[in-house]
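# Examination of the molecular architecture
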Amino acid sequence: MLDASKSPAFRAKSLVRFARNSGLYPKNPVVNSATTEPVVWVDGRDHLLFCSNNLLGLSNHPDVKEAAAKALDRYGLGSGGSRQMAANIDVHRALENRIAEFVGQEDAICFATGYMANVGTLPALMKIDSLERLASAQLGGPAQPEAEDEKTEPGWAIFSEQLNHASLVDGIRLSHAEVERFPHKDMGALRNQLGASKKASKFIVSDGVFSMDGDIAPIPELAELAEEHNAMLMIDDAHGVGMLGENGRGSLEHHGVPTSKVDLQMGTFTKSFGGIGGYVAGDADLIDYLRITARTYIFSAPLPPAIAAGVAEAIDIAEREPWRREKALENAHFFRREVEALGFDTVGSEAHIVPTLIGNENDAAEATRRLRHRGIVAPHARFPAVELGRARIRFVMTCQHEREQIEFLIECLAELREGMGL
Ligand SMILES: Cc1ncc(COP(=O)(O)O)c(C=O)c1O
């Protein structure tokens with residue numbers, strides 16, 4: 001007889017009950033207005049929103065909406081299939097060319113989301129060996145290169161930064177490659193790990209801007225190590241593109257690293273460009289390789305054409321209106337300085353993501369509740385998204401926030417600190 005308490009459904013329900021009863025189950029408010037705006041309508045009143053990724057305020061820009069509306073009118077709502085079947089539409093190709101040009105790479109491939117870009121790209125690259133074997137045995141394709149010496153092991157080792165985004169982590173899992181995580185921004189440890197690896201193919205992957213800490217990866221050192229150890233380098237610049245660097249080209253430009261030093265630059269259209277979708281940019285042949293191997297590209301539908309057209313317009317505006325990223329970064333700079341003056345730890349944040357460390361998971365949930373009470377929506381990030389005991393409220397500053405709104409938030413955080421004895 002099946003013991004009900006051992007069934008997966010029973011155990012899942014128990015876990016949810018535990019999360020609810022301990023106050024840890026996330027209570028995301030239902031918003032009755034555009035969540036891309038700094039003021040949103042929740043529970044019948046205005047709230048200030050400090051967690052939107054509409055960093056440059058482009059989601060609601062009239063020219064972006066007009067471009068999307070025209071494309072909606074011309075192409076309809078969906079794409080009618082995957083890019084390899086029906087839906088290889090001119091707007092998709094135009095967007096790929098535009099983003100490749102913007103980030104300074106030869107070509108780009110677009111996916112329906114950034115998550116799908118990462119989950120598709122890593123396994124696609126790591127199957128080069130087996131595809132080569134197949135092509136050579138069945139189709140007379142190129143043979144695999146000989147191992148350099150008997151100490152070299154065939155296959156891949158991925159060197160993954162400790163704080164990489166979950167989509168990279170999941171892509172790595174799906175790749176079945178050997179993985180070595182290196183400690184956050186610890187280039188000494190990475191050098192040692194690369195030196196000790198016997199794998200024939202090495203791949204270093206890091207976020208450009210870390211999504212929970214808001215600090216920036218040491219890309220010059222990563223590029224140097226990649227060159228030294230003949231490793232490929234991929235940077236996930238989801239939070240950097242559009243925001244960082246003199247022309248908003250992202251964290252490579254921020255550091256003055258030439259794009260030729262990075263094999264693959266990944267990013268999303270969800271944040272700076274106010275839409276949805278992901279891309280991977282790089283050498284044209286490498287991108288063409290992904291077009292025939294990335295399963296999330298081949299077996300899933302692409303961005304709706306209206307979004308692709310709207311995002312291309314958003315990239316143009318981001319390029320010609322630098323005040324948008326300058327204001328978002330100025331807002332972040334002001335906010336960071338003021339919360340640090342209150343005594344909060346912002347965990348090394350450098351850009352527009354400004355985490356405010358609370359520590360204990362329950363305290364962070366309580367802090368979010370108290371802020372809601374004051375009319376502020378800002379969720380907390382906690383275990384397992386961040387280390388246990390390092391829960392934080394994750395504020396995101398955009399170019400649409402006005403100084404008085406940020407000052408009000410700071411006032412509420414001062415009250416919170418005092419009221420909760422943080
Ligand atoms: C660093 C990083 N990479 C990838 C993604 C996934 O992007 P998307 O939301 O477009 O799926 C995110 C999303 O927040 C991110 O922060």
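Rules and cut-offs
All residue numbers refer to position in the chain's written sequence, counted from 1. In keeping with the model being predicted, local features are shown solely for residues with a pLDDT of at least 70 and side-chain atom pairs are shown and tallied solely at 80 or more, while totals for entire chains, interfaces and linings include all residues. No hydrogens and no water enter the side-chain calculation; it runs on all heavy atoms of the structure. Residue ranges for the domains originate in an automatic or database domain assignment. For this analysis, residues touch if any pair of their heavy atoms sits within 4.5 Å. When two parts are brought into contact, each loses some accessible area as probed by a 1.4 Å sphere; the total of that loss over both is the buried area. We count a salt bridge whenever a side-chain nitrogen from Lys or Arg sits within 4 Å of a carboxyl oxygen from Asp or Glu. Polar contacts, as counted here, are pairs of nitrogen or oxygen atoms within 3.5 Å of one another; within protein the pair requires one atom able to donate a hydrogen and one able to accept it, and residues that are adjacent in sequence qualify only if both atoms are side-chain atoms. Runs of E in the DSSP output that reach at least two residues are strands. Runs of H or I that reach at least four are helices, and both are numbered from the N terminus. All residues other than Ala, Val, Leu, Ile, Met, Phe, Trp, Tyr, Cys, Pro, Asp, Glu, Lys and Arg, Gly among them, are scored as polar; the first ten of these are nonpolar and the last four charged. Nearness of a residue to a molecule or strand requires only that one of the residue's heavy atoms be within 4 Å of it. The Shrake-Rupley method, run with a 1.4 Å probe, gives the accessible areas here. Residue values count only the displayed protein chains as cover. Between buried and exposed lies partly exposed: a residue is buried under 20% and exposed over 50% of the maximum accessible area for its type, with that area taken using a 1.4 Å probe on protein chains only. Here a strand pair is declared whenever DSSP counts at least two bridges between the two strands. Helix axes are fitted only over the stretch in contact, all axes being lines through C-alpha atoms; the angle between N-to-C directions runs from 0 to 180 degrees.

The next subject is the domain arrangement of the protein chain. Segmentation of the protein chain into domains returns domain 1 (27-56 + 322-420) and domain 2 (62-318). A straight line from the C-alpha centre of domain 1 to that of domain 2 covers 29 Å. Contact residues are listed per partner, giving 23 residues for domain 1 and 23 residues for domain 2. Broken down residue by residue, the surface that domain 1 buries against domain 2 is led by Leu56, Arg325 and Glu350, which jointly contribute 31%. Linking domain 1 with domain 2 are two salt bridges, by the criterion used here. Residues Lys185 and Glu350 are paired through a salt bridge, measuring 3.8 Å at the closest nitrogen-oxygen approach. Counting the contacts that link domain 1 with domain 2 gives nine residue pairs in polar contact (both at pLDDT 80 or more). When residues of the side of domain 1 that touches domain 2 are traced back to their parent elements, those giving at least two are helix H13 (323-342), strand S10 (353-359) and strand S13 (391-396). The element best represented in the side of domain 1 that touches domain 2 is H13, accounting for four residues. In the side of domain 1 that touches domain 2, the residues fall into 12 nonpolar, six polar and five charged.

The immediate surroundings of the ligand are formed by 15 residues, with Gly114, Tyr115, Asp236, His239 and Lys271 found nearest. Contact with the protein chains covers 85% of the free accessible surface of the ligand, which is 390 Å². The leading source of residues in the shell around the ligand is helix H4 (residues 114-126), at three residues. Tallied by class, the residues present in the shell around the ligand amount to two nonpolar, 10 polar and three charged.

To continue, consider the environment of Glu340. Relative to the helices and strands, Glu340 resides in helix H13. With a relative accessible area of 39%, Glu340 lands in the partly exposed category.

On to the sheet that holds strand S6 (residues 199-207). Strands sit in the order S3-S9-S8-S7-S6-S4-S5 across an open sheet of seven strands; the sheet is mixed. Both outer strands of the open sheet, strand S3 (107-111) and strand S5 (178-182), are each paired with one neighbouring strand and no more. Here the strands of the sheet are splayed against their neighbours by 20° on average, with no regard to which way each runs. Across five bridges, S3 lies against strand S9 (residues 278-282) in antiparallel orientation. Bridging from a neighbouring strand, Asp107 pairs with Gly282 of S9.

In this section: the side chain of Ser52. Inspection of the secondary structure assignment puts Ser52 in the loop between strand S2 (45-49) and helix H2 (62-75). Owing to a relative accessible area of 9%, Ser52 belongs among the buried residues under this scheme. A polar atom in the side chain of Ser52 sits 3.3 Å from the backbone oxygen of Thr35. Within the local environment of Ser52, its side chain forms a polar contact with the backbone nitrogen of Asn54, the two atoms lying 3.0 Å apart. Once residues within four sequence positions are removed from consideration, Ser52 is found in contact with Thr35, Thr36, Val396 and Thr398.

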